[in-house]
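# Analysis of the macromolecular model
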Amino acid sequence: SLCRVIEAETGEYQALLALLTKQRQAAVEARFERFADVTEEKDALLKSLRQLEHKRSQLMKGLSDELQAGPDEISVSRLIALMPGPEADQLNACRYRLQAVIEQIRVNNKTNQNLLRHLLELKKKSIDVLGGNLPGQQTYRENGRVQTIKRTGTPVQGHLSFEV
């Protein structure tokens, strides 16, 4: 029964992994409406995952009661150590698959986080360019003195032209 719940969680996490990929693609393509839609799908999936997590924790609590151990004393690893061979192997395989998918999600989340941070930085820089809020650039004049030149940008046929 515990293995079935873990397998269900693994399936939901695999679906989450697919949604993270869709979300990253929507961000790269600047399809923000699609990004928002995928975020809603992700929220619904996370709700389902919370329910499965609750179900798994209830099963673990029941098992800890049967083993007369405190809820903090029992873990899937400890259960595997206490179980007979084939059942332990099956539970261990379920646990391994879940851990592998969760690691993939962690990597994807980090990638998406970095991508979104970079996209926000680019947007802020674009706003600064269009608003004329670029930092000045220092250059040497003919007389040898340093002069700060304020740069502003204006869009010209889809490209930015800089005025010095």
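A short tour of the structure in this document, coming up. (Residues numbered from 1 in each chain as written. Predicted model: local features only at pLDDT ≥ 70, side-chain atom pairs only at ≥ 80, totals over all residues. Heavy atoms only, no water.)

### Thoughts on the state of the cysteines
To keep it simple, the criterion reads: Note that a disulfide, as used here, is simply two cysteine sulfur atoms within 2.5 Å. A run of H or I in DSSP counts as a helix once it spans at least four residues, and a run of E counts as a strand once it spans at least two, with each numbered from the N terminus. Per-residue accessibility, obtained with a 1.4 Å probe over protein chains only, is compared with the maximum for each type, and a residue is labelled buried under 20%, exposed over 50%, and partly exposed between these values.
Inspection of the entire model under this criterion finds one disulfide. With a sulfur-sulfur separation of 1.9 Å, Cys-3 is cross-linked through a disulfide to Cys-94. Pair noted here: Cys-3 is in helix H1 (residues 2-28) and Cys-94 is in helix H4 (residues 85-131), with a separation of 91 residues, a long-range link. In this structure, Cys-3 and Cys-94 share a single accessibility class: buried.

### Remarks on the pattern of salt bridges
Pairs can form between side chains of opposite charge whenever their charged atoms are close. Test applied: Salt bridge, as applied in this entry: a Lys or Arg side-chain nitrogen positioned within 4 Å of an Asp or Glu carboxyl oxygen.
According to the stated counting rule, one finds seven salt bridges in the structure shown. Between Glu-9 and Arg-56 there is a salt bridge, with the nearest N and O atoms lying 2.6 Å from each other. Taken together, the positions of Glu-9 in helix H1 and Arg-56 in helix H2 (residues 32-66) put the pair 47 residues apart, joining distant regions of the chain. Of the two residues, Glu-9 and Arg-56, neither departs from the other in class, the shared state being buried. The closest approach of N and O atoms between Arg-31 and Glu-29, which form a salt bridge, is 3.4 Å. A residue is classified by how much of its surface remains accessible, and Arg-31, at 45% relative accessible area, is partly exposed. Accessibility expressed as a relative area gives 39% for Glu-29, which makes it partly exposed. Salt bridges sharing partners connect three or more residues here, namely Glu-9, Glu-53 and Arg-56.

### Some words on the environment of Leu-79
The condition that has to hold: We call two residues contacting when some pair of their heavy atoms lies within 4.5 Å.
Structurally, Leu-79 is set in helix H3 (residues 76-82). What makes Leu-79 buried here is its relative accessible area of 6%. Between the C-alpha atoms of Leu-79 and Leu-67, which are twelve residues apart in sequence, the distance is 9.7 Å. Here Leu-79 is in contact with Leu-2, Met-60, Leu-63, Leu-67, Ile-74 and Leu-91, once residues within four sequence places are set aside.

### Examining the environment of Arg-117
How we decide: As used in this structure description, the phrase polar contact means that two N or O atoms lie within 3.5 Å; if the pair is within protein, one of them must be able to donate a hydrogen and the other to accept it, and residues adjacent in sequence are counted only when both atoms belong to side chains.
Examined against the element boundaries, Arg-117 turns out to sit in helix H4. On the accessibility criterion, Arg-117 (46% relative accessible area) is partly exposed. Looking at Arg-117, its side chain comes within polar contact range of the side chain of Asn-114, at 3.0 Å.

### Considering a negative patch on the surface
Our working definition: Nonpolar side chains (Val, Leu, Ile, Met, Phe, Trp, Tyr) within 5 Å and like charges within 9 Å form the patches, drawn only from residues with over 30% relative accessible area and no salt bridge. Each accessible area value is a Shrake-Rupley result obtained with a 1.4 Å probe; residue values ignore everything except the protein chains displayed when judging cover. A positive count includes Lys and Arg, and a negative count includes Asp and Glu. His and the chain ends are not counted in either. To locate a charge, take atom NZ for lysine, CZ for arginine, CG for aspartate or CD for glutamate.
Where like charges cluster on the molecular surface, the negative patch consists of Glu-33, Asp-37, Glu-40 and Asp-43. Note on placement: Glu-33 falls in helix H2.

Limitation: the analysis is restricted to geometry and does not speak to function.
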